[in-house]
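Structural description and commentary
Each chain is listed here by its residues.
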Amino acid sequence: MVCSWMRDAWNGMWAMTSENWSAVGSWATVAVAIVAAIVALRQVREARIARDEQAQPNVVMYTEPMEGDWQFLELVIKNFGQTPAFDIEVSLDRPLQVSPDHSAASIGNVALPSRIPILAPQQEWRALWDHAPSRSKVEGIESVHKGELTYRGERKKRQHWYAPWQTDFDVYRSPVELDFNLLKNTRRVDRKTVHDLAKTLDAHLASAGAALAEIGATLESYSVDEHKGIWVYPASPEDERASREEQARLRAEDLRRTREVADAIRRQLIPRESASPDVQDVPQHASPQVSEPDSEESGSGEVSDDVEPHDQPNS
């Protein structure tokens, strides 16, 4: 039966007139045009999706060793897209735990922001998670965390013919999986960077500062006593030497004048003691108030009881 139907169709096709063939060609053209239109629409849709994906933000959360010391693990939230991302929020199954700072402390939690307002293209948020050697000594600390990262773009949702009321923004989601054990039992070549050079320079500067402080304290203690250690003079050496010589001359002059006065007093007391043997001795601690004898009385050897004290030289 099928063979007869096919045979009849074959014979009928050759029996068709030119008008029939023209109609078949028209319908074939319409079919080819429809197929071409469908393919073109599909290509346009794929190009639009690719363009939208390239223009949308692409925010991910991951871990990365610190550049200065790779045994420290950092948390990073970065926008790898071409447009800004807004309202970034992170939700994890449990809080991120960090090892204690000292033996008396307990296991703590990493402070994550509840919301990041915006991340520009290639902008990132970074924070320290934990130190691998310190974390390996703590028991019962969680190292694997899973969650989700949500954010939105700067463009609103594309309105479709079946939902023209949509006016909110596109919301994107990316999975989050953090595992601190990625550094466990790993090795890495330790390379010296500018950071290590800066730390070495800071150590040398600290030691030099301590040495200078000690020298300053020593010099300050020297300034307390002139006869101890080193004496520092703010004036020039010549001026200081001249000043000290002048002070020595004045002291010598005062000493000479004091001796002259003492000799004069001694010369006046000797005749008086010989004239009146009952005169009491003058105490050593008392300074007799006598004056130099006048020129007229110097030959007589008499001394008046009411004599004025001689002016003492200025010391």
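Remember, predicted model here, so these are calculated numbers, not experimental data.

**Describing unusual backbone geometry**
Although it is not a glycine, Asp87 adopts a positive phi angle of roughly 55°. Relative to the helices and strands, Asp87 resides in strand S3 (residues 85-92).

**Here we look at the sheet that holds strand S1 (residues 59-65)**
Read across the open sheet, the three strands follow the order S1-S2-S7; overall the sheet is antiparallel. Looking at which strands have only one partner, the edges of the open sheet turn out to be S1 and strand S7 (124-131). Strand-to-strand twist in this sheet, taken as the mean axis angle between neighbours without regard to direction, amounts to 20°. In this structure, strand S2 (residues 72-79) lies alongside S7, joined through seven bridges in antiparallel fashion. Across the sheet, the residue bridging to Val76 is Arg126, located in S7.

**Digging into the nonpolar core**
Among the nonpolar cores identified, the biggest contains 22 residues, and Val59, Leu75, Ile77, Ile88 and Trp129 are the most heavily contacted of them. Broken down by secondary-structure element, the contributors of at least two residues to this core are S1, S2, S3, strand S6 (116-119), S7, strand S8 (144-156) and strand S9 (169-179). Excluding its chain neighbours within four sequence positions, the residues that come into contact with Leu75 are Met61, Tyr62, Thr63, Leu96, Val110, Leu112, Trp125, Arg126, Ala127, Trp129 and Leu178.

**Remarks on the pairing of S1**
Looking down a regular strand, the side chains alternate between one sheet face and the other. Strand direction decides the pairing type here: S1 and S2, joined by seven bridges, are antiparallel. By the bridge assignment for S2, Thr63 is matched with Leu75. Linking two consecutive strands that pair antiparallel, namely S1 and S2, is a turn of six residues.

So, how was this worked out
Residues numbered from 1 in each chain as written. Predicted model: local features only at pLDDT ≥ 70, side-chain atom pairs only at ≥ 80, totals over all residues. Heavy atoms only, no water. Helix = DSSP H or I, 4+ residues; strand = E, 2+ residues; numbered from the N terminus. Pairing = 2+ DSSP bridges. Axes fitted to C-alpha atoms, helices over the stretch in contact; angles between N-to-C directions. Core = buried A, V, L, I, M, F, W, Y, C linked by side-chain atoms within 4.5 Å. Buried < 20%, exposed > 50% of the residue type's maximum accessible area, 1.4 Å probe, protein only. Contact = heavy atoms within 4.5 Å.

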